[in-house]
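# Tertiary structure, described
Residues per chain are reported as follows:
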Amino acid sequence: MNDRITLRRLDDMHCHFRIGSLLKEVLPFTAQYASRGIAMPNTRPRAILTGDDIFWYRDEIRRALDEMPNRYPFEPLMTIEIRDNTTPKIIEKAHRAGAVAGKVYPLGVTTNSDEGLRDFDSEKISETFRAMQDVGMLLLIHGELDREHTLVTKREEVFLPTLFKLAERFPNLKIVLEHVSTRVGVENVRQLGKNVAATITAHHLCLTLNDVVGYGIQPHHGCMPIPKDFDDRDELIVAATSGDPKFFLGSDTAPHPREKKECAKGACGVYTAPVLPQILGEVFEKAECLDRLENFTSRFGAEFYGLPLNDGTISLIKSEWVVPEQIGSVVPFRAGDKLQWQLA
Ligand code: NCD
Ligand code: ZN
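Residues numbered from 1 in each chain as written. Chains lettered and ligands numbered in written order. Predicted model: local features only at pLDDT ≥ 70, side-chain atom pairs only at ≥ 80, totals over all residues. Heavy atoms only, no water.

## Side note on the overall build of the protein chain
We apply this condition: Every helix listed is a DSSP run of H or I at least four residues long, and every strand listed is a run of E at least two residues long, numbered separately from the N terminus. Both definitions apply: the radius of gyration is a C-alpha atom measure, and the globule rule equals 2.2 Å times residues to the power 0.38. Only protein chains enter the accessibility calculation, which uses a 1.4 Å probe. A residue is then buried if its area is under 20% of the maximum for its type, exposed if over 50%, and partly exposed in between. Here, Shrake-Rupley sampling with a 1.4 Å probe gives the accessible areas, and only protein chains in the shown set may cover a residue. When charges are counted, Lys and Arg are positive and Asp and Glu negative, with His and the chain ends excluded. A charge is said to be at NZ when it belongs to Lys, at CZ for Arg, at CG for Asp and at CD for Glu.
The helix and strand inventory of the protein chain stands at 12 helices and 11 strands. Taking 2.2 N^0.38 as the reference for a compact globule, 344 residues should give roughly 20 Å; the C-alpha atoms of the protein chain span a radius of gyration of 19 Å, in line with that estimate. The principal-axis extent of the C-alpha atoms belonging to the protein chain is close to 55 × 45 × 40 Å. When the 344 residues of the protein chain are sorted by exposure, 56% land in the buried category. Per element, the accessible surface of the protein chain, about 14,200 Å² overall, is 49% carbon and sulfur. Taken together, the 42 basic and 49 acidic charged side chains of the protein chain have centroids lying 3 Å from each other.

## Topic: the coordination of the zinc ion (ligand 2)
Going by this rule: Sodium, potassium and calcium take a 3.2 Å donor cutoff, other metals 2.8 Å, and in both cases only N, O and S atoms count; water is not among them, so sites may look incomplete. Just to be clear on the cut-offs, tetrahedral is four donors with all angles between 85 and 135 degrees, square planar is four donors and octahedral six with opposite donors over 155 degrees apart and all others between 65 and 115, and anything else goes down as irregular.
Looking at the zinc ion (ligand 2), the protein donor atoms are His 14 (NE2), His 16 (NE2) and Asp 252 (OD), and they sit 2.0 to 2.1 Å from it. Of note is the zinc ion (ligand 2), whose four donor atoms meet at the metal with angles of 89 to 137° in an arrangement that counts as irregular. Each donor residue of the zinc ion (ligand 2) lies on one chain, and together they are spaced H-x1-H-x235-D. In this pair, His 14 is assigned in strand 2 (residues 10-15) and Asp 252 in the loop between strand 9 (247-249) and helix 9 (258-261), connecting sequence segments 238 residues apart. On the basis of relative accessibility, which here comes to 0%, the residue His 14 falls in the buried class. On the basis of relative accessible area, Asp 252 is assigned to the buried category, the value being 7%.

## Focus on the side chain of Ser 35
The condition that has to hold: Should any heavy atoms of two residues lie within 4.5 Å, those residues are counted as being in contact.
Examined against the element boundaries, Ser 35 turns out to sit in strand 3 (residues 34-39). Residue class for Ser 35 comes out buried when judged on its relative accessible area of 8%. The residues contacting Ser 35, other than those within four sequence positions of it, are Arg 9, Leu 10, Pro 73, Phe 74, Glu 75, Asn 310 and Asp 311.

## A closer look at the sheet that holds strand 7 (residues 175-177)
Rules: A strand pair is defined by DSSP finding two or more bridges across the two strands. In this description, a line fitted to the C-alpha atoms serves as the axis of each element, helices being fitted only across the stretch in contact, and the angle between N-to-C directions of two axes falls anywhere from 0 to 180 degrees.
The strand order 2-3-4-5-6-7-8-9 describes an open sheet built from eight strands, whose pairing is parallel. The open sheet has two edge strands with one neighbour each: strand 2 and strand 9. In this sheet, neighbouring strand axes are inclined to one another by 30° on average, regardless of whether the strands run parallel or antiparallel. Bridge count for strand 8 (residues 196-200) against strand 9 is three bridges, and the pairing is parallel. Paired with Ala 198 across the two strands is Phe 247, which belongs to strand 9. Packed on one face of the sheet, helix 5 (residues 155-169) meets strand 6 (138-141), strand 7 and strand 8 and runs near 165° to strand 7.

## Brief notes about the sheet that holds strand 10 (residues 313-322)
Judged by pairing direction, the sheet is antiparallel, and its three strands sit side by side in the order 1-10-11 without closing on themselves. A strand with exactly one partner marks an edge of an open sheet, and here the two such strands are strand 1 (4-8) and strand 11 (338-343). When strand polarity is set aside, the average angle formed by the axes of neighbouring strands in this sheet is 35°. Inspection of the sheet shows strand 10 paired to strand 11 by five bridges, in the antiparallel sense. Opposite Val 322, over in strand 11, you have Lys 338 as the bridge partner.

## Regarding helix 6 (residues 183-191)
Our working definition: Directions drawn from the helix axis to the C-beta atoms are what define this arc.
Listed in full, the buried residues belonging to helix 6 are Gly 185, Val 186, Asn 188 and Val 189. Looking down the long axis of helix 6, one finds its buried residues gathered within 165° of arc, a one-sided arrangement.

## Some points on the site of ligand 1
Threshold: The rule for a residue being near a molecule or strand is that one of its heavy atoms must lie within 4 Å of it. N or O atoms within 3.5 Å of each other form a polar contact, as long as, within protein, one can give a hydrogen and the other can take it, and as long as residues adjacent in sequence are counted only when both atoms are side-chain atoms. Classification used: nonpolar for Ala, Val, Leu, Ile, Met, Phe, Trp, Tyr, Cys and Pro, charged for Asp, Glu, Lys and Arg, polar for all others including Gly.
Around ligand 1 lies a shell of 15 residues, among which Arg 18, Asn 42, Thr 110, Met 224 and Asp 252 are the nearest. Asn 42 has a polar side-chain atom sitting 2.8 Å from an oxygen atom of ligand 1. The contact in question runs from an oxygen atom of ligand 1 to an N or O atom on the side chain of His 256, over 2.8 Å. Here ligand 1, which alone exposes 310 Å², has 100% of that area covered by the protein. Looking at the shell around ligand 1, its residues break down into four nonpolar, nine polar and two charged.

## Remarks on the pairing of strand 1
Within a regular strand, the side chains alternate between the two sheet faces. Burial along strand 1 is one-sided: the residues Ile 5 and Leu 7 are buried and none of Arg 4, Thr 6 and Arg 8 is. Judged from the five bridges that link them, strand 1 and strand 10 form a sheet pairing that is antiparallel. Each residue of the ladder has a partner; that of Arg 4, found in strand 10, is Ile 317.

## Regarding the environment of Ala 202
With respect to the helices and strands, the residue Ala 202 is situated in the loop between strand 8 and helix 7 (209-213). On the basis of relative accessibility, which here comes to 0%, the residue Ala 202 falls in the buried class. A C-alpha to C-alpha distance of 28 Å links Ala 202 and Gly 98, two positions 104 residues apart in sequence. Here Ala 202 is in contact with Leu 276, Ile 279 and Leu 280, once residues within four sequence places are set aside.

## Structural notes on the state of the cysteines
Selection rule: Cysteine sulfur atoms that come within 2.5 Å of each other are treated as a disulfide pair.
What the rule picks out here adds up to zero disulfides. In this structure Cys 223 is not part of a disulfide, and its nearest cysteine sulfur, from Cys 268, lies 7.4 Å away. Judged by its relative accessible area of 2%, Cys 223 is buried. No disulfide involves Cys 263; its sulfur sits 11 Å from the nearest other cysteine sulfur, which is in Cys 268.

Given below as structure tokens:
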């Protein structure tokens, strides 16, 4: 029996690091095991929209890293939000400032998408996507649409035709369907060309809608896209563990202070950073695919982004522990549960 796994240091291609004191709380967890993390731009009050914002946010993150007692080899990969008013000029400047990607939040589908994109088809936004294609920035998409008479469980499916259109119109634009959550989403990503990939979160490999609302409302499992049916979850497990390079880790670790989750109209987002490699170890072990974990966490993402692989390794050891009920101001995923794997 395998009781130790050694992995190349991870790339977490979807992280919400936030700003201020929350940034300082959460960043050490990711930096412990990942050498790179995509820093999502939906921060508030200051969103990351331009090259100037990139300089500011990267400095914030670096300052938080400098303040940590442990020195981790960690580099944030920067992104900007793509809104209806994002121009090719903004793209060029952001690219020069080091942005590797632009993130689209369609209007109203998730935390801080109040100024999200309204129109994927306008000539104006096409020019922006073309500029991204030209400079080699990736397009990361929160692939859901909030339409009248569309249930929250159907929002990803309703978005998928837009993904097809974009992939066809911009064949050299690398597009990531972030946190894919449905069987049909996985199937569509497989069908599309090699310019399209998807990230998968750890929590979508574990949860169904039952875990969110089926046994009393569980606010700490509430996230967008909402976890779905058993066949959806099982297809995500197949995609993550099958060795298909189109699917790689993007944890979408999304911390919110406890009181913002445990209330009416609670915030969406699952905080997985403190338990991420440990949970993935469990999932891949159960699928009898531990040998494929490293490709999912540390190779396929880098390859899709066109980055060299990370140096250094981390190890997981088989040893039971209990996840704390709260870490700082936030309740982590699997709080109070026993996990089988620990970071060495
Ligand atoms: C994320 C957040 O909290 O910023 N929330 C979530 O439910 N996943 C935003 C996002 O990635 O949708
Ligand atoms: Zn996210």
